[in-house]
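Structural overview
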Amino acid sequence: MDNSADLAVAQPGTYVRSPLSAVDPTVYELLVRQEQQERTTLKLIASENFASSAVLEATGSIFTNKYAEGYPGARYYAGTEIVDELENLAIERLKKLFGSEHANVQPYSGSPANQAVYRALLKPCDKVMGLPIPQGGHLTHGWAINFSGTDYRRVPYGLHEKTQEIDYDSLRDTAKRERPRLIWVGGTAYPRMFDYAAMAEIALELNAYLVADIAHISGLIAAGAHPNPVPHCDVVSSTSHKSIRGPRGGFILSRNEDRYQTVYHPKAKYNLARRIDRAVFPHLQGGPHMNVIAALAVALQEAANPSFRSYGQQTVKNAQALAQALLERGYDLVTGGTDNHMLILDLRNRPLSGKAYAELLAKAGIITNFNMVPGDPRDPAVTSGIRLGTPAVTSMGMREAQMMQVAGFIDAVLRRPDDEDLHASVRRDVADLCAAFEVPGIADR
Ligand SMILES: *Cc1c(COP(=O)(O)O)cnc(C)c1O
């Protein structure tokens, strides 16, 4: 007889071996509903993906219990021999995959990783250049409501009005005038490649640190489907849960030595690598999440596999096929297309807001996010754009043919925003399409 649910209540302590469904049916039910949603809808959010079962298993493992403040070989807790091996494994895999001299795998996520970068390289009120959010930048690259905009002086750079790509000439002029100490290269809604070499030249000329934030594209870089900024940059930061398909977390890559140490940090006792490590712990964080580091190691093993190269390349091909199909249906895309895994629909000349369209698409089973477009006349809370991304659907095994179908679904919904019957019928078509593919990491229940 299965009396595990009774035991959970009757005898304190015994619940530790009961399944989630018995211990907490409420959370269990929410999990099952989320699984159901993810299995039957199209996950087109550019920052999301499906981590593999192995990655999820490591994330949910007993490594979650271990405290290991410090770094391998220099911990503040006993019993860390095994997690030392684990963290070193993740570090070595990361260094090898990206060709970097140093790696830190402890940041809790992308934003904490970027905080550590600021702390390691700058003093408060130093000048920082970054791409503003409406142009595709991230909150942490010097946005007014973020610590990066309140504790540092922000100098925005922008896009070329015609091409909507980064205007490197004007960036150079602004940088020369403003003399920032750090320049960010990277974004959260920028569908083109970055010219790392051009940025490095500007940074070098001005004694500025060049930091790439590859949160979105780290998987593409690992797959060889996007250029690697590591050779050009002082520091590279990333999340681990987007295109690289790992657990929720972050990492930082850097050179060992700081080429401006004598200029900006003459009294510093440590080199760049040590300063990054010390910024993460003990300056900003406490104990590392060893379960997440275990899962990162697994994801890096997967990313080093040749099949991941095909995955990265297919992700880009899918984004380009989706872009092409939408262009053919008369839609405007920011920059007119994509080089990576995302595209941004510019809906400024359509009647509804990006938010309203995203909500309609969600009713039809197409999960996206609304997004600012360059020159957006609408409030950031509603916007005039929608961002689409292919990492998750590519992880399900979809290819160009499915992207044509998806473009048809999107077009149908956006064209007839009031037709609820049509939305319901698209919802069924979407579910049928998804049913033909396997969703990584989601168990059959
Ligand atoms: C997602 C993202 C981050 C932040 O990651 P969180 O894990 O959400 O804190 C930082 N930078 C860029 C460019 C991103 O896209």
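All values derive from a computational prediction rather than experimental measurement.

1. Quick look at unusual backbone geometry
For the bond running from Phe281 to Pro282, omega is 10°, close enough to zero to count as cis. With respect to the element layout, Pro282 can be found in helix 12 (residues 272-284). Although it is not a glycine, Gln164 adopts a positive phi angle of roughly 60°. Considering the arrangement of structural elements, one finds Gln164 in the loop between strand 6 (153-156) and helix 8 (168-178). By relative accessible area, which is 14% here, Gln164 ends up buried.

2. Some thoughts on the domain arrangement of the protein
Assigned domains of the protein: these are domain 1 (62-303) and domain 2 (309-435). Between domain 1 and domain 2 lies a buried interface of about 2000 Å² when both sides are counted; carbon and sulfur atoms form 55% of it. For the domain 1 face of the interface with domain 2, the top three residues by lost area are Gln164, Pro191 and Arg192, together amounting to 30%. On the surface where domain 1 and domain 2 come into contact, there are one salt bridge.

3. Comments concerning the site of the ligand
The immediate surroundings of the ligand are formed by 13 residues, with Ser109, Ser111, Asp213, His216 and Lys242 found nearest. Ser111 is positioned with one of its side-chain polar atoms (N or O) 2.7 Å from an oxygen atom of the ligand. Lys242 places a side-chain nitrogen or oxygen 2.8 Å from an oxygen atom of the ligand. Summarising the interface, the protein chains cover 85% of the accessible area of the ligand, which totals 380 Å² for the free molecule. Top element by residues in the shell around the ligand is helix 6 (residues 110-121). It accounts for three residues. Broken down by class, the residue content of the shell around the ligand amounts to one nonpolar, ten polar and two charged.

4. Here's the deal with helix 13 (residues 290-303)
Given a rise of 1.5 Å per residue, 14 residues ought to cover 20 Å, and the 20 Å separating the end C-alpha atoms of helix 13 matches this to within 8%. Taking burial as the measure, the 14 residues of helix 13 include eleven buried ones, the bulk of the element. Within the span of helix 13, buried status applies to Met290, Asn291, Val292, Ile293, Ala294, Ala295, Leu296, Ala297, Ala299, Leu300 and Ala303. Elements that come into contact with the buried residues of helix 13 comprise helix 4 (53-59), helix 5 (81-98), helix 10 (218-222), strand 10 (250-254) and helix 14 (306-328).

5. Thoughts on the pattern of salt bridges
Going through the model one piece at a time under the given rule, you end up with 21 salt bridges. Among the ionic pairs, Arg75 bridges to Asp84, the shortest N-O distance being 2.7 Å. Accessibility expressed as a relative area gives 13% for Arg75, which makes it buried. With relative accessibility at 13%, the residue Asp84 sits in the buried group. The residue Glu201 makes a salt bridge to Arg172 at a minimum N-O spacing of 3.6 Å. Residue Glu201 is located in helix 9 (residues 196-205), and its partner Arg172 is located in helix 8; the two are separated by 29 residues in the primary sequence.

6. Brief notes about the packing of aromatic side chains
Enumeration according to the criterion identifies 14 aromatic pairs in this entry. Judged by centre distance (4.7 Å) and plane angle (40°), the ring pair of Tyr118 and Tyr152 falls under tilted. Of this pair, Tyr118 sits in helix 6 while Tyr152 sits in the loop between helix 7 (147-150) and strand 6; the two residues are 34 residues apart in sequence, bridging distant segments of the chain. Comparing Tyr118 with Tyr152 shows no difference in burial state: the two are buried.

7. Things to note about helix 12
The sharpest bend along helix 12 comes to roughly 30°, located at Arg278, with the proline Pro282 sitting one to four residues further on. Residues of helix 12 that are buried include every one of Leu272, Ala273, Arg275, Ile276, Asp277, Ala279, Val280 and Phe281, and no others.

8. Notes on the sheet that holds strand 12 (residues 342-346)
Sheet strands pair via backbone hydrogen bonds, and the direction of the pair is either parallel or antiparallel. Across the sheet, which stays open at both edges, the four strands sit in the order 11-12-15-14 with antiparallel pairing between neighbours. The open sheet has two edge strands with one neighbour each: strand 11 (332-333) and strand 14 (369-371). Alignment of strand 14 against strand 15 (residues 385-389), held across three bridges, turns out to be antiparallel. Residue Phe370 lies in a different strand from strand 15, and its bridge partner there is Ile386. Here helix 14 sits on the sheet and contacts strand 11, strand 12 and strand 15; the angle it forms with strand 12, its principal contact strand, is near 20°.

9. Topic: the sheet that holds strand 6
One open sheet accounts for seven strands, arranged 4-10-9-8-7-5-6; its pairing is mixed. Across the chains shown, the open sheet's two edge strands, defined by having one partner strand only, are strand 4 (102-104) and strand 6. Shown here is a sheet whose adjacent strand axes are inclined to one another by a mean of 20°, direction ignored. As paired elements, strand 9 (residues 235-239) and strand 10 share five bridges and run antiparallel to each other.

10. Re the UniProt feature "modified residue: N6-(pyridoxal phosphate)lysine" (unreviewed entry) in the protein
Sites flagged by UniProt as "modified residue: N6-(pyridoxal phosphate)lysine" (unreviewed entry) map to Lys242. Leaving out residues up to four positions away in the same chain, Lys242 has contacts with Ser47, Asn49, Ala215 and His216.

Criteria and thresholds
Residues numbered from 1 in each chain as written. Predicted model: local features only at pLDDT ≥ 70, side-chain atom pairs only at ≥ 80, totals over all residues. Heavy atoms only, no water. Helix = DSSP H or I, 4+ residues; strand = E, 2+ residues; numbered from the N terminus. Buried < 20%, exposed > 50% of the residue type's maximum accessible area, 1.4 Å probe, protein only. Domains from an automatic or database assignment. Buried area = accessible area lost by both parts, 1.4 Å probe. Salt bridge = Lys/Arg side-chain N within 4 Å of Asp/Glu carboxyl O. Near = heavy atom within 4 Å. Polar contact = N/O pair within 3.5 Å; in protein donor to acceptor, adjacent residues only side chain to side chain. Areas by Shrake-Rupley, 256 points an atom, 1.4 Å probe, with all protein chains shown as cover. Nonpolar A, V, L, I, M, F, W, Y, C, P; charged D, E, K, R; others polar. Expected span 1.5 Å × (residues − 1). Contact = heavy atoms within 4.5 Å. Phe/Tyr/Trp six-rings, centres within 6.5 Å; stacked < 30°, edge-to-face > 60°. Bend = angle between axes of the 7 residues up to and from the residue. Pairing = 2+ DSSP bridges. Axes fitted to C-alpha atoms, helices over the stretch in contact; angles between N-to-C directions. UniProt positions renumbered as here; feature names shortened; annotations may be inferred.

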